[in-house]
Amino acid sequence: PMRRALHVALVFLTTLPVPPVAAWQGDDARRSVRAYPLVGLILGVLLWGAWALLEPLHDPVRGALLVGLGLLFTGALHLDGFCDVADAAFASAPPERRQDILKDPHLGAFALAAGGTLLLVKAAALGNLAAPTALFVVPILSRTLVVLPLAFGRPHGSSRLGQSTRVGLREAR
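In this text, all values refer to a predicted model and were calculated from it rather than measured experimentally.

Calculation notes
- Residues numbered from 1 in each chain as written.
- Predicted model: local features only at pLDDT ≥ 70, side-chain atom pairs only at ≥ 80, totals over all residues.
- Heavy atoms only, no water.
- Core = buried A, V, L, I, M, F, W, Y, C linked by side-chain atoms within 4.5 Å.
- Buried < 20%, exposed > 50% of the residue type's maximum accessible area, 1.4 Å probe, protein only.
- Helix = DSSP H or I, 4+ residues; strand = E, 2+ residues; numbered from the N terminus.
- Salt bridge = Lys/Arg side-chain N within 4 Å of Asp/Glu carboxyl O.
- Axes fitted to C-alpha atoms, helices over the stretch in contact; angles between N-to-C directions.
- Parallel < 35°, antiparallel > 145°, perpendicular 65-115°, else oblique.
- Left-handed = near helix turned anticlockwise from the far one by under 90°.
- Contact = heavy atoms within 4.5 Å.
- Nonpolar A, V, L, I, M, F, W, Y, C, P; charged D, E, K, R; others polar.

A.B. asks: Could you clarify how one ought to interpret the nonpolar core in this entry?
C.D. replies: Within soluble globular proteins, side chains that are nonpolar tend to cluster in buried spots. With 23 residues, the main nonpolar core has Y36, V39, L66, L126 and L135 as its most contacted residues. At the level of elements, α1 (2-13), α3 (36-54), α4 (59-74), α7 (109-127) and α9 (147-152) are the ones that each hand at least two residues to this core. Per element, the largest residue contribution to this core is seven residues, and it comes from α3.

A.B. asks: Hey, could you run me through the pattern of salt bridges in this one?
C.D. replies: Between side chains of opposite charge, a pair can form when the charged atoms approach closely. Following the criterion strictly, the structure yields four salt bridges and no others. Here D28 ties to R4 by a salt bridge, and the two come within 2.7 Å at their closest N and O atoms. Residue D28 is located in helix α2 (residues 28-32), and its partner R4 is located in helix α1; the two are separated by 24 residues in the primary sequence. The exposure class of D28 is buried, given its relative accessible area of 3%.

A.B. asks: It is not clear to me how the packing of helix α5 (residues 77-90) against helix α6 (residues 95-103) should be interpreted in this structure. Could you clarify?
C.D. replies: How two helices sit against one another is set out by the angle between their axes and by the gap between those axes. One way to put it is that α5 packs onto α6 with a least axis distance of 8 Å and a crossing angle of 155 degrees. On the basis of their axis angle, the class for α5 and α6 is roughly antiparallel. Read as a crossing pair, α5 and α6 show a hand that is right-handed. Packed against α5, whose contacting residues are D84, V85, D87, A88 and A89, the element α6 presents R98, I101 and L102 at the interface. Of the residues in the contact of α5 with α6, the class split is five nonpolar, no polar and three charged.

Structure, rendered in structure tokens:
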């Protein structure tokens, strides 16, 4: 059911205070993908509301706080992945070693530099928003776009989650 899919998606994609999933079922991850756009909607509403509350603040402060709230709401899931990719992509190592770097949970210099730069750019961009429309639309759009490759594309061979979610989306159609 969609209610369970949303619950699992909220637990997987956010740090919002939702009850833990009591008993995970084998197909929960793949069925939850259908609810990713709804998670985006919830995050968008929260960020839009935060923008309204923070509007009296100076633009740079508001931008930095919005970035911080976004990281808090998502558990920095995307930032972590971005930093991992930066470490692996810019390492002077052979491709097989880069796969190990990508999986390493420690941050290297490239991860720190890329992550810091990304956060500064995001804070500056969010601080200069004239209207909060992007705060509402982007989380919905980004979580919808992640579903499309899983639904119609070929998942990465080493990704069990990608393979299982693709099957779940086919069953949902």
